[in-house]
Structures are given as structure tokens and as C-alpha cells.
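Structure at a glance
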Amino acid sequence: MLEEGPLHESIRASMSIPAIFEPTKLNGKTYIDGGVLERVPCKALRDRGMDVVIGVDVGYHGDTKDVSDMGVYSLMNHTISIMQWELTKFRREESDIMLVPEVLFVKGRFQTDQAGEVIAEGRRTVRRALPQIRALLE
């Protein structure tokens, strides 16, 4: 986790998704997207002493999926999603509240045409959790 230095460098390192963006070199170290190991960084926050951790997980959640018609690239992406889910299942316990907006209707990682629907689903998810969030913060 990058905790100091220019914000734009941390953001660039955080978006270094393997096979899509080159890794970033900072202070003699090479960085890739932290989501490779921790899609929802609740444990990292808890380890740094945060009192309240609210996670947001927008990834694959182990649902059965027909892969018979998938091409090589799609199958590779789905395989990565399965690996991320297996890692994430255990890390989610580190959060006090886990928000899970249903946004898997978006096909592809870089589409913006459904942004309004994704934002609306995020708002619905937070509104449903507001009583829990308020109780946690009191």
C-alpha cells in the first residue's frame, strides 16, 4: 500500500492491471494493481488500525457460469475472476459491513455506457445499508 508521495503516482500504480497496463516503478520497486491479491482491501485497512471498515465488492461472487462458448480471452478473464473470488471470500470477514452492488450486468472492464445504471445500483445498495452504517458509527 502506498502511503506517501504524489497521489497521481499511487493512482497510476493502482491501475497497473497485468497484461493491460505496464507495471509502475516507484522508489526502486515495481507495482501492479493491488486487486491481484486483495480485491477489497479490508485486511490492509484493519492492519493499519482503522476502527470501522466498510468494504465494497463489485466482482464475481462464485455464481455458476456457462463457459462452453467462451473464447480464450474470456475464459482467461473468468479464471482470474474465480481466483480473485477465492481470495476475497476470506478477506471480506475483515470488514464491518460489506456492500455488494449487483453490477455484473456490465460486460467488459472498461465500458462506460452503463455508468448511470451502475451508479444507481451503488446508491440503492448504500441506502439499504444505511441503518447498519449509522449503527456502526454511533
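Structure: see above.
This text gives an overview of the structure that appears in the document.

Rules behind the numbers
- Residues numbered from 1 in each chain as written.
- Predicted model: local features only at pLDDT ≥ 70, side-chain atom pairs only at ≥ 80, totals over all residues.
- Heavy atoms only, no water.
- Helix = DSSP H or I, 4+ residues; strand = E, 2+ residues; numbered from the N terminus.
- Buried < 20%, exposed > 50% of the residue type's maximum accessible area, 1.4 Å probe, protein only.
- Contact = heavy atoms within 4.5 Å.
- Areas by Shrake-Rupley, 256 points an atom, 1.4 Å probe, with all protein chains shown as cover.

On to the overall build of the protein chain. When you go through the protein chain residue by residue, the secondary structure sums to 4 helices and 4 strands. The N-to-C order of helical and strand elements in the protein chain reads α-β-β-α-β-α-β-α. Out of the 138 residues belonging to the protein chain, those deemed buried represent 25%. Relative to all contacts within the protein chain whose residues are 6 or more apart in sequence, the contacts with residues 24 or more apart total 53%. Accessible surface, the protein chain: about 9,900 Å² in total, of which carbon and sulfur atoms supply 57%.

Moving on to the environment of Y73. Looking at the secondary structure, you find Y73 in helix 3 (residues 72-91). Through-space distance from the C-alpha of Y73 to that of P23 is 20 Å; in sequence the pair is 50 residues apart.

Positionally, T125 belongs in helix 4 (residues 115-137). By relative accessible area, which is 7% here, T125 ends up buried. Residues within four places of T125 in sequence aside, it is in contact with L99, V100 and P101.

Here I11 is to be found in helix 1 (residues 7-14). A C-alpha to C-alpha distance of 21 Å links I11 and M50, two positions 39 residues apart in sequence.

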